[in-house]
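Below are the chains, spelled out letter by letter.
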Amino acid sequence: KEGVLRVLLVRSGVRTGQILVALVTTGTEIDTVPFVDVVRETYPGASIYHCIFHGLSQGLFSDETIHLAGEPVIEEQLNINGLDRPLRFQISPVSFFQTNTLATEVLYSKIRAGVEAIRPRILYDLYGGGGGIALSCADCAEVVRSVENVHAASLDGDVNARLNGIENVFFIDQDVRHYMLEIANGGGMEPNSAVVVDPPRAGMHPKALRRLVEAAPPHILYVSCKPTVFAQELTKFLESYDLTGLEAVDMFPHTPHVEVLATLALK
């Protein structure tokens, strides 16, 4: 939390070979020319950015994003079981995309299999990010509504849907807690609906969780990157739902962390 440097990001498209490098610094003025020269020498053709962040967090945050060289975005692809062609995703410095591409393919394939077994008319994708789960499951439902409160992620979702020629996924730029309140005030979720929930590490907001349980969709698929938080939330779900499946995917090799996929069915 001292000095100029905050984060050095290197994103590699495992399926495409494309590279994005972003230097995140404080607001202190720096000469970026040597940085660009070194990156070009190391990764010819890389997309290069300078991100300015005035806070102290060590995560990837940016108050100002400056494109220095190369293409403005890179692309990654996911091979999802059940789809006849790879899904294409545009990735910018601050867009959300899982860090482990190959494990993401495993996780999203499992989610898709769960949704395909249900075949809901409406699929709600809560905390949808840039649309990875929504696009993986798009052909398993008539309509997919992906809800995300980070505006840049929703914009990425729209772009990714167009990249893949998918027209039945709609990105809703809204906080999940407020969206679930609108659902409650509007008479609840449509019949024959299912929900995929993929919240941040802190889990769901208590009001969002309560409103989801009260909405009583027949099926919920819950994705958690912090199982201890999910274990606490599960007690609320079990008041109305049966836990019908629980799997772990090792998204973070060589660490104690694991991603959990739980399936819940209304009692």
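Here, the structure is the one placed above.
Along each chain, residues carry numbers from 1 onward, in the same order as the chain's sequence is written. Note on the predicted model: pLDDT of at least 70 is required for a residue's local features to be given, and 80 or more for side-chain atom pairs to be given and counted; whole-chain, interface and lining totals, by contrast, use all residues. Only hydrogens and water are removed before side-chain values are computed, so all heavy atoms of the structure are retained for them.

Asker: What am I meant to see in a nonpolar patch on the surface here?
Answerer: Any residue with relative accessible area above 30% and no salt bridge may belong to a patch, with like charges joined within 9 Å and the nonpolar Val, Leu, Ile, Met, Phe, Trp and Tyr side chains within 5 Å. Surface accessibility follows the Shrake-Rupley procedure with a 1.4 Å probe radius. Residue values consider only the protein chains on display as shielding. Basic side-chain nitrogens of Lys or Arg form a salt bridge, by our definition, when they fall within 4 Å of a carboxyl oxygen of Asp or Glu. A surface patch of nonpolar side chains, amounting to about 360 Å² of accessible area, comprises L5, L8, V10 and Y43. Secondary structure elements follow DSSP: runs of H or I no shorter than four residues count as helices, runs of E no shorter than two count as strands, and numbering proceeds from the N terminus. Considering the arrangement of structural elements, one finds V10 in strand 1 (residues 5-12).

Asker: Honestly, the packing of aromatic side chains in this entry has me stumped. Any pointers?
Answerer: The relative placement of two aromatic rings is captured by the distance of their centres and the angle of their planes. Here the aromatic set is Phe, Tyr and Trp, taking the six-membered ring for Trp, and pairing holds for ring centres within 6.5 Å; pairs whose planes are under 30 degrees apart are stacked, those over 60 apart are edge-to-face, and all others are tilted. Inspection of every chain in the model, using the stated rule, returns 6 aromatic pairs. Geometrically, the ring pair formed by Y222 and F230 is tilted, given 4.7 Å between the ring centres and 45° between the ring planes. An angle of 75° between the planes, with centres 6.5 Å apart, marks the rings of F237 and Y241 as edge-to-face. Summarising the burial analysis for this pair, F237 and Y241 share the class buried. Grouping aromatic residues by their ring pairs yields a cluster made of Y222, F230, F237 and Y241. Residue exposure (1.4 Å probe, protein chains only): buried if accessible area is under 20% of the type maximum, exposed if over 50%, otherwise partly exposed.

Asker: Can you help me understand the packing of helix 5 (residues 176-185) against helix 6 (residues 206-215) in this one?
Answerer: Packed helices, taken two at a time, are described by the angle between their axes plus the distance between the axes. Note on geometry: axes are C-alpha line fits, over the in-contact stretch for helices, and angles between N-to-C directions span 0 to 180 degrees. Contact pair helix 5 / helix 6: the axes reach a minimum separation of 8 Å and the direction vectors enclose 30°. Put simply, helix 5 runs roughly parallel to helix 6. In terms of crossing hand, the pair formed by helix 5 and helix 6 is left-handed. Residue-level contacts link V176, R177, M180 and L181 of helix 5 to K207, A208, R211, L212 and A215 of helix 6. In this scheme, roughly parallel covers angles under 35 degrees and roughly antiparallel covers those over 145, while 65 to 115 is roughly perpendicular and the rest are oblique. Each crossing gets its hand from how the near helix is turned against the far one by less than a right angle, where anticlockwise is left-handed and clockwise is right-handed. It only takes one pair of heavy atoms within 4.5 Å for two residues to be counted as in contact.

Asker: How should the side chain of E76 be read in this particular structure?
Answerer: Looking at where E76 falls in the secondary structure, it is placed in strand 5 (residues 74-78). Here Asp and Glu are counted as negative and Lys and Arg as positive; His is not counted, and neither are the chain ends. Despite its burial, E76 pairs with no opposite charge; the closest candidate is R15, at 6.0 Å N-O. Within the structure, E76 has its side chain in polar contact with the backbone nitrogen of R15 (distance 2.9 Å). Residues contacting E76, with those up to four places away along its chain left out, are S12, G13, V14, R15, T16, L87, R88, F89, I91, F97 and T101. Pairs of N or O atoms are called polar contacts if they sit within 3.5 Å, as long as, within protein, a hydrogen donor faces a hydrogen acceptor (for residues adjacent in sequence, only side-chain-to-side-chain pairs).

Asker: Got a minute to help me understand the sheet that holds strand 3 (residues 47-52) in this structure?
Answerer: Two modes of strand pairing occur in sheets, parallel and antiparallel, and in both the strands are linked by backbone hydrogen bonds. The 4 strands lie next to each other as 1-2-3-4, forming an open sheet whose pairing is mixed. Single-partner strands in this sheet number two, and they are strand 1 and strand 4 (64-69). Adjacent strand axes in the sheet meet at a mean angle of 20° when their direction is disregarded. Where helix 1 (residues 33-42) meets the sheet, it contacts strand 1, strand 2 (19-25), strand 3 and strand 4, and its direction lies at approximately 145° from that of strand 3. Strand pairing is assigned whenever DSSP detects at least two bridges linking the two strands.

Asker: Which parts of the structure should I look at to understand the sheet that holds strand 12 (residues 241-249)?
Answerer: The strand order across the open sheet formed by 7 strands is 9-8-7-10-11-13-12, and the pairing between neighbours is mixed. One side of each edge strand has no neighbouring strand; the edge strands of this open sheet are strand 9 (169-173) and strand 12. For this sheet the average axis-to-axis angle between neighbouring strands, irrespective of direction, equals 15°. Packing against the sheet, helix 2 (residues 101-118) makes contact with strand 7 (122-126), strand 10 (193-197), strand 11 (219-224), strand 12 and strand 13 (259-266), and its axis sits at approximately 170° to strand 11. On top of the sheet, helix 5 reaches strand 7, strand 8 (143-148) and strand 9; it is set at about 150° to strand 7, its chief contact.

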